[in-house]
Amino acid sequence: MQIQVNTDHNIHGGEGLATYVTTDLENSLSRFSGWLTRVEVHLSEDGGSKPDDKKCVIEARPGGKQPVAVTHHATTVDDAYAGAAQKLGRVLDSRYSRAHDHKGSESIRHMPASDDLEPVDAIGDEPRG
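All of these numbers come straight from a predicted model, not from anything done at the bench.

Draft legend 1. Region of the structure containing the overall build of the protein. Broken down by element type, the protein carries two helices and four strands. Sequence-ordered secondary structure for the protein, helices as α and strands as β, is β-α-β-β-β-α. Residue pairs in contact within the protein that sit at least 24 positions apart in sequence constitute 45% of those at least 6 positions apart.

Here's what the structure looks like:
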């Protein structure tokens, strides 16, 4: 899983921020590491006088599936990242479990065929033997 961190010119933190975000995502998304190919983090400042002017967008790309993106606004970069990371975890949990778990059990398509079934004659009254 490749992790890329992008910031705009208003966000300060440099290499330390990128290292923190990368390490945190590697730990929190480790259960999806075989499923995700790339994760991109975009930290920016919207500008203006709004109190929630820091924004974090995280886009995760599962192999062979459509990308998943979440956005979180907050007053600080740390809060914006933490909120977006939590949202991404919930979305990926939902998508991953939907793709791999069918109502708590395996799909009938993936169940092995039973060897002890006796063929049934649908036309006649007696089973074949």
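Draft legend 2. Expanded view of the pairing of strand β1 (residues 2-7). Direction of pairing for β1 relative to strand β2 (residues 36-45): parallel, over a ladder of six bridges. Each bridged residue has a counterpart across the sheet, and for Gln2 the counterpart in β2 is Arg38. Remark: the β1/helix α1 (residues 14-28)/β2 crossover connection has left-handed handedness.

Draft legend 3. The pairing of strand β3 (residues 54-62), seen in detail. In this structure, β2 lies alongside β3, joined through nine bridges in antiparallel fashion. Each residue of the ladder has a partner; that of Arg38, found in β3, is Arg61. The pairing of β3 with strand β4 (residues 68-74) spans seven bridges and is classified as antiparallel. Its bridge partner lying in β4, Lys55 is registered against His73. Taking the residues that link successive antiparallel strands as the turn, the β3-β4 hairpin has five residues, and the phi of Gly64 there is positive, at about 75 degrees.

Draft legend 4. Region of the structure containing the environment of Asp79. Examined against the element boundaries, Asp79 turns out to sit in helix α2 (residues 77-100). With 25 residues separating them in the primary sequence, Asp79 and Lys54 have C-alpha atoms 8.6 Å apart. For Asp79, the residues in contact, after removing those within four places along its chain, are His72 and Ala74.

Draft legend 5. How the structure looks around the side chain of Lys54. Its place among the elements puts Lys54 in strand β3. Within the structure, the side chain of Lys54 is placed 3.5 Å from the side chain of Asp53, a separation counted as a polar contact. The residues contacting Lys54, other than those within four sequence positions of it, are Ile11, Ser44, Glu45, His72, His73, Ala74, Thr75, Thr76, Val77 and Ala80.

Draft legend 6. Geometry of α1. The terminal C-alpha atoms of α1, which comprises 15 residues, lie 22 Å apart, in line with the 21 Å expected from a rise of 1.5 Å per residue. All of the buried residues along α1 are Leu17, Ala18, Val21 and Leu25. The arc enclosing the buried residues of α1, seen along the axis, measures out at 95 degrees, which places them on a common side. Pointing more than 90 degrees away from the buried face of α1 are the exposed residues Glu15 and Asn27.

Reading the values: rules and limits
Residues numbered from 1 in each chain as written. Predicted model: local features only at pLDDT ≥ 70, side-chain atom pairs only at ≥ 80, totals over all residues. Heavy atoms only, no water. Helix = DSSP H or I, 4+ residues; strand = E, 2+ residues; numbered from the N terminus. Contact = heavy atoms within 4.5 Å. Pairing = 2+ DSSP bridges. Right-handed = clockwise from strand over helix to strand, strands pointing away. Polar contact = N/O pair within 3.5 Å; in protein donor to acceptor, adjacent residues only side chain to side chain. Expected span 1.5 Å × (residues − 1). Buried < 20%, exposed > 50% of the residue type's maximum accessible area, 1.4 Å probe, protein only. Arc of directions from axis to C-beta.

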